[in-house]
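Single-letter residue listing:
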Amino acid sequence: MPHSPLWLPPKPAPSTRGDDWHNRAACIGHERTFDDADLEQHTTSRKPTFDATNDALAICGGCPVKTQCTTDALRIEKGTRSAERFSIRGGLTPTERANTKKA
């Protein structure tokens, strides 16, 4: 069942200022990696592989707007359960974000 993953910053309207943090996110162009990481996070397989999750975490690790992304994810997901969260955002898994007391 398709869903609308929350990991990817929404594509912003063109900005004349060019300072929107979404435009600088390292994940832009890596949608497939994050979609695959989401599948790995929700797998029921006994032996899941975590290649895409590790790849997504590596992309987040070097992101210049990781802090803004984390803050945005926590704001959007506030009050939701871990099972209602999707993929990697701000370098955190859905479970890690659910366990964060920020925002």
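Structure shown above.
Because the structure is a prediction, the values reported are computed rather than measured. (Residues numbered from 1 in each chain as written. Predicted model: local features only at pLDDT ≥ 70, side-chain atom pairs only at ≥ 80, totals over all residues. Heavy atoms only, no water.)

Student: For this particular structure, what's the right way to read the packing of helix H1 (residues 31–41) against helix H2 (residues 51–61)?
Tutor: Any two packed helices are characterised by how steeply their axes cross, that is the angle between the axes, and by the distance between the axes. Put simply, H1 and H2 touch, their axes get as near as 7 Å, and they point 130 degrees apart. The angle between H1 and H2 falls in the class oblique. Seen from above, H1 lies across H2 with left-handed handedness. Where H1 abuts H2, its residues Thr-33, Phe-34, Asp-36, Ala-37, Glu-40 and Gln-41 lie against Asp-51, Ala-52, Thr-53, Asp-55, Ala-56, Ile-59 and Cys-60. Its residues assigned to classes, the contact of H1 with H2 shows 6 nonpolar, 3 polar and 4 charged. (Axes fitted to C-alpha atoms, helices over the stretch in contact; angles between N-to-C directions. Helix = DSSP H or I, 4+ residues; strand = E, 2+ residues; numbered from the N terminus. Parallel < 35°, antiparallel > 145°, perpendicular 65-115°, else oblique. Left-handed = near helix turned anticlockwise from the far one by under 90°. Contact = heavy atoms within 4.5 Å. Nonpolar A, V, L, I, M, F, W, Y, C, P; charged D, E, K, R; others polar.)

Student: Got a minute to help me understand the side chain of Arg-97 in this structure?
Tutor: Considering the arrangement of structural elements, one finds Arg-97 in helix H4 (residues 94–98). Its relative accessible area of 0% is what places Arg-97 among the buried residues. Within the structure, the side chain of Arg-97 is placed 2.8 Å from the side chain of Glu-77, a separation counted as a polar contact. Excluding its chain neighbours within four sequence positions, the residues that come into contact with Arg-97 are Ala-73, Leu-74, Glu-77, Arg-85, Phe-86, Ser-87, Ile-88, Arg-89 and Leu-92. (Buried < 20%, exposed > 50% of the residue type's maximum accessible area, 1.4 Å probe, protein only. Polar contact = N/O pair within 3.5 Å; in protein donor to acceptor, adjacent residues only side chain to side chain.)

Student: So what exactly am I meant to see when it comes to the pattern of salt bridges here?
Tutor: Pairs can form between side chains of opposite charge once their charged atoms are near each other. Within this structure, the stated rule accounts for 6 salt bridges. The closest approach of N and O atoms between Arg-32 and Asp-36, which form a salt bridge, is 3.1 Å. Of the two residues, Arg-32 and Asp-36 are both situated in helix H1; the distance of 4 residues between them amounts to about one turn of the helix. With relative accessibility at 27%, the residue Asp-36 sits in the partly exposed group. Notably, a salt bridge pairs Asp-72 with Arg-89, separated by 2.9 Å at the nearest N-O pair. In this pair, Asp-72 is assigned in helix H3 (residues 66–77) and Arg-89 in the loop between H3 and H4, connecting sequence segments 17 residues apart. Residue classification places Asp-72 among the buried residues on the basis of a relative accessible area of 11%. Three or more residues are tied together by salt bridges with common partners; here these are Asp-72, Arg-75 and Arg-89. (Salt bridge = Lys/Arg side-chain N within 4 Å of Asp/Glu carboxyl O.)

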